[in-house]
Amino acid sequence: MRRRHLSDRTEVYGIAVKLTKALKRFFVPSFVVTAIYFLKYGCKVSPKAEVDLSKLLVIGKGSQISSFCKIKSTDGPMTIGKNVSVATGCFLSSSTGGVEIGDYCMISPNVTIIGNNYRYDKLDVPMCLQEQTSKGVVIGRDVWIGAGASILDGARIGNGVIITPNSVVSANIPDNAIVQGNPGKVIFKRR
Amino acid sequence: MSINSTINALIADVLNLNEDEVNGELSPENTEYWDSMAHLTMVTAIEEECDVKLTMNDVQSIKCVDDIYQIVQKYMA
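Residues numbered from 1 in each chain as written. Chains lettered and ligands numbered in written order. Predicted model: local features only at pLDDT ≥ 70, side-chain atom pairs only at ≥ 80, totals over all residues. Heavy atoms only, no water.

### Notes on the layout of surface pockets
All names here are of chain A. Counted only if it meets this: Only protein atoms enter the calculation, which uses a 1 Å grid: trapped sets of points that fit a 1.4 Å probe without letting it out are cavities, open sets showing protein on both sides within 12 Å along at least five of seven lines are pockets, and any residue with an atom within 4 Å of a point is a lining residue. Grid points are joined across faces, edges and corners, and a volume is the space filled by probe spheres set on the points. Secondary structure elements are taken from DSSP: a helix is a run of H or I of four residues or more, a strand is a run of E of two residues or more, and numbering for both begins at the N terminus. Three classes are used: nonpolar for Ala, Val, Leu, Ile, Met, Phe, Trp, Tyr, Cys and Pro, charged for Asp, Glu, Lys and Arg, and polar for all others, with Gly counted as polar.
What the largest pocket holds in volume is close to 590 Å³. What lines the largest pocket is a set of 24 residues, among which K18, K21, D75, S95 and Q132 lie closest to the centre. For the lining of the largest pocket, the elements supplying multiple residues, two or more each, are α1 (9–27) and β13 (132–133). The element that contributes the greatest number of residues to the lining of the largest pocket is α1, accounting for 8 residues. A per-class count over the lining of the largest pocket returns 5 nonpolar, 12 polar and 7 charged.

Written as structure tokens, this is what we have:
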């Protein structure tokens, strides 16, 4: 078996980043995270939610993050607007591409927003070891996302959109559309 | 009558019915698949096929297939 050499500087840096991430996740109690975000941004983060303590996470005033949500934002910017409500059990992950959520959005239970993608062009390398790509996710203002919907990398959702429960969205959605299905298709326009 | 039969075909397609099962009294109460989503899909299909544009009030006032006939004829006239 080949020994791993730590000579590469970037590798050392990567390990340090991972270590600080792990230390923050293990040793900062959740009520401290809640207090920090309340004092810093005026938003309500549940002490039962797992929210990363990171400068890259910006949450607008009056937003609520409910219990059992997981927000991963150490790799890239995550911007959540004002008065956004994120219901229980959501998973929001901003990879390097970043996630942007506009004001007054409603995010229902068990919604998944993922900002990264794995490459799969090498058959002999396991997919988890292949390169990651990240185009980012942009969600407009006043968007209502139904329970269990998945928003995948590269999605650009306009203002005033409704996404019906269990839809899968990874494309451009125009303003005021109602989207249903996998892949998400526009079935109606709000007027 | 040709407009009505076009509408019938579209409704049958959206609601998974045979075309001869669609009549004026068909409504959300007596069909299985007519939910709020099918309602919107139906309206979009009819708008595209008949080249009309319904207002939100029209969409909400539709209670049965007869209402659709009347609204479409109002805009076609």
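### A closer look at the side chain of E47 of chain B
What counts is decided by this rule: A 3.5 Å cut-off defines polar contacts: any pair of N or O atoms within that distance qualifies, except that in protein one atom must be a possible hydrogen donor and the other a possible acceptor, and neighbouring residues in sequence count only when both atoms are side-chain atoms. Between two residues, a contact is recorded if the distance between any of their heavy atoms is within 4.5 Å.
Mapped onto the elements, E47 of chain B comes out in helix α2 (residues 36–50). A polar contact is formed between the side chain of E47 of chain B and the side chain of R191 of chain A, at a distance of 2.5 Å. Among residues more than four places away in sequence, those in contact with E47 of chain B are R191 of chain A together with V52, K53 and L54 of chain B.

### Some details on helix α4 (residues 65–76) of chain B
Residue and element names in this part refer to chain B. So the rule is basically this: Expected helix span is taken as 1.5 Å per residue step, with the number of steps being one fewer than the number of residues. Burial classes: relative accessible area under 20% of the type maximum marks a residue as buried, over 50% as exposed, and values in between as partly exposed (1.4 Å probe, protein chains only).
Along its 12 residues, α4 runs 17 Å from first to last C-alpha, staying within 8% of the 16 Å computed at 1.5 Å per residue. Of all the positions in α4, only V65, D67, I68, Y69, I71 and V72 are classed as buried. For α4, the secondary structure elements touched by its buried residues are α1 (2–15), α2 and α3 (56–61).

### Points about the interface of chain B and chain A
Counted only if it meets this: Buried area: the accessible area, evaluated with a 1.4 Å probe, that two parts lose upon being put together, summed over both parts. A carboxyl oxygen of Asp or Glu within 4 Å of a side-chain nitrogen of Lys or Arg is what we treat as a salt bridge.
Taken together, the contacts link 11 residues of chain B with 6 residues of chain A. Between chain B and chain A the total buried area reaches about 710 Å² when both faces are included, carbon and sulfur atoms providing 66% of it. When the buried area of chain B at its contact with chain A is split by residue, M37, L40 and M56 of chain B rank highest and sum to 59% of it. Applying the counting rule to chain B against chain A returns 1 salt bridge.

### Structural notes on the state of the cysteines
Residue and element names in this part refer to chain A. Selection rule: In this description, the term disulfide denotes a pair of cysteine sulfurs within 2.5 Å.
The tally for this structure, following the rule as stated, stands at 0 disulfides over all chains. Cysteine C69 is unpaired, with the sulfur of C90 as its nearest cysteine sulfur at 4.7 Å. Residue classification places C69 among the buried residues on the basis of a relative accessible area of 2%. What makes C90 buried here is its relative accessible area of 1%.

### Comments concerning the sheet that holds strand β18 (residues 162–163) of chain A
Going by this rule: Paired strands, in this sense, are two strands between which DSSP finds at least two bridges.
Judged by pairing direction, the sheet is mixed, and its 8 strands sit side by side in the order β1-β4-β7-β10-β15-β18-β21-β22 (chain A) without closing on themselves. The sheet is open, and its two edges are formed by β1 (44–45) and β22 (185–189) of chain A, each paired on a single side.

### Here's the deal with the packing of α2 of chain B against α4 of chain B
Any two packed helices are characterised by the angle at which their axes cross and by the distance between the axes. All names here are of chain B. What counts, and what does not: Between N-to-C directions, angles cover 0 to 180 degrees, with each direction set by a line fitted to C-alpha atoms, over the stretch in contact for helices. Take the far helix as the reference: if the near one is turned anticlockwise from it by less than a right angle, the crossing is left-handed, and if turned clockwise, right-handed.
Close contact between α2 and α4 brings their axes to 12 Å; oriented N to C, the two are set at 35 degrees. Both α2 and α4 take part in a crossing whose hand is right-handed. When α2 is examined against α4, the residues M42, I46 and C50 are found in contact with a partner set consisting of I68, V72 and M76. Looking at side-chain class alone, the contact of α2 with α4 contains 6 nonpolar, no polar and no charged residues.

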